[in-house]
Amino acid sequence: MAERNSGLSVPPSVRGVDRNLDTSSHAAAIDVRNMNFYYGEHQVLFDISLMVPERSVTALIGPSGCGKSTFLRTLNRMNDLVEGTRCTGECLVEGQNIMDPAVDVVLLRKHVGMVFQKSTPFPKSIFDNVAYGPRVAGEKNRSVLADLVESCLRKAALWEEVRDRLHTSAMALSGGQQQRLCIARTLATNPRIILMDEPASALDPASTDRIENLIGELCANYTIVIVTHNMQQASRVSHQTAFFFKGHLVECGPTMQIFTSPSEKQTEDYITGRFG
């Protein structure tokens, strides 16, 4: 298909994200096959099949209510916490079908961490927020915890801002700092995959820029799946983009292809703002 003039100015990618990266040689971190999802009798996802390459960023886009956040939450079975939900099909995470009833969901959520739209720091100190997961897992050595907290805060680009106040309340941090703290807390459980549900939607432009650059740095070592309503953010931070509409996966492909030469007119209409 010839490249269309989509009407969207595609911004440069953030630091660390090469949108021309060929991920076809990357192993599948997540491989969803023929997934259907129901709230009671109401079906909200229809026959979704999607492969997420390891050490890459996949953006999920689509209008409100299209199923992208529901889909994201199937990837670590967070929807199990909602009474009356049901999911069929397969979701292979590093080769294991996580839909198997025998799967330990606590262990699954340790390896598939999640960062929510609204920052959710615990009403504890900065140090205790990051150390919480390792402590729950049984780590009690103070020196080990101190090293881990510093490492995770550095990875979350927050260490230099908080190193002198680790034992003060996390609730005193700014919104952007709280979100990066939540990312550090997620990293402390040593996940291999990080799910992000509109992690910058409530933040100011400067904080959003920090979060986007952080995503670009983290994808060298982690697989990231991000839901975003911001088209330019999706184009900046991701290697591949998946467009959802009314519970269906309309199209998925390399981000530059989706934003400059989509295969489906519905995708082009959404990206250019004709609906949504």
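Just above, that's the structure.
Residues numbered from 1 in each chain as written. Predicted model: local features only at pLDDT ≥ 70, side-chain atom pairs only at ≥ 80, totals over all residues. Heavy atoms only, no water.

1. A closer look at helix H3 (residues 126–136)
Then, in step 1: Three or more residues of H3 are buried, namely Ile126, Phe127, Asn129, Val130, Ala131, Gly133 and Pro134.
Then, in step 2: Here the buried face of H3 lies against helix H4 (142–155), helix H5 (159–162) and helix H6 (175–187).
Then, in step 3: Phi turns positive, to about 110°, at glycine 138, one or two residues after H3. (Buried < 20%, exposed > 50% of the residue type's maximum accessible area, 1.4 Å probe, protein only. Helix = DSSP H or I, 4+ residues; strand = E, 2+ residues; numbered from the N terminus. Contact = heavy atoms within 4.5 Å.)

2. Some points on the sheet that holds strand E7 (residues 193–197)
Then, in step 1: Read from one edge of the open sheet, six strands run E6-E7-E8-E3-E9-E10, paired in mixed fashion. The open sheet has two free edges, formed respectively by strand E6 (112–115) and strand E10 (248–254), since each of these has just one partner strand. Between one strand axis and the next, the sheet turns by 15° as a mean value, whatever way the strands run.
Then, in step 2: Of the strand pairs in this sheet, strand E3 (residues 57–61) and strand E9 (residues 240–245) are connected by four bridges, and their pairing is parallel. Bridge pairing in E9 links alanine 59 to threonine 241. (Pairing = 2+ DSSP bridges. Axes fitted to C-alpha atoms, helices over the stretch in contact; angles between N-to-C directions.)

3. Some thoughts on H6
Then, in step 1: With 13 residues, H6 extends 19 Å from end C-alpha to end C-alpha; this agrees with the ideal 18 Å at 1.5 Å per step.
Then, in step 2: Those residues of H6 that fall on the buried side of the exposure criterion are Gly176, Gln177, Gln178, Gln179, Arg180, Leu181, Cys182, Ile183, Ala184, Arg185, Thr186 and Leu187.
Then, in step 3: Of the surrounding elements, those touching the buried residues of H6 are E6, H3, H4, H5, E7 and helix H7 (205–218). (Expected span 1.5 Å × (residues − 1).)

4. Quick look at the pattern of salt bridges
Then, in step 1: In the structure shown here, the tally under the stated rule is 14 salt bridges.
Then, in step 2: Measuring nitrogen to oxygen at the nearest pair gives 3.7 Å for the salt bridge that ties glutamate 90 to arginine 33. With glutamate 90 in strand E4 (residues 85–93) and arginine 33 in strand E1 (residues 28–39), this residue pair connects regions lying 57 residues apart in the sequence.
Then, in step 3: Judged by relative accessible area, glutamate 90 falls into the partly exposed class, the value being 31%.
Then, in step 4: Salt-bridge contacts for aspartate 197 lead to arginine 73; the nearest nitrogen and oxygen are separated by 3.6 Å. In this pair, aspartate 197 sits in strand E7 while arginine 73 sits in helix H1 (residues 68–74), placing the two residues 124 residues apart along the sequence.
Then, in step 5: Residue aspartate 197 is classed as buried on the basis of its relative accessible area of 6%.
Then, in step 6: Overlapping salt bridges bring together Glu150, Arg154, Glu160 and Arg163 as one network. (Salt bridge = Lys/Arg side-chain N within 4 Å of Asp/Glu carboxyl O.)

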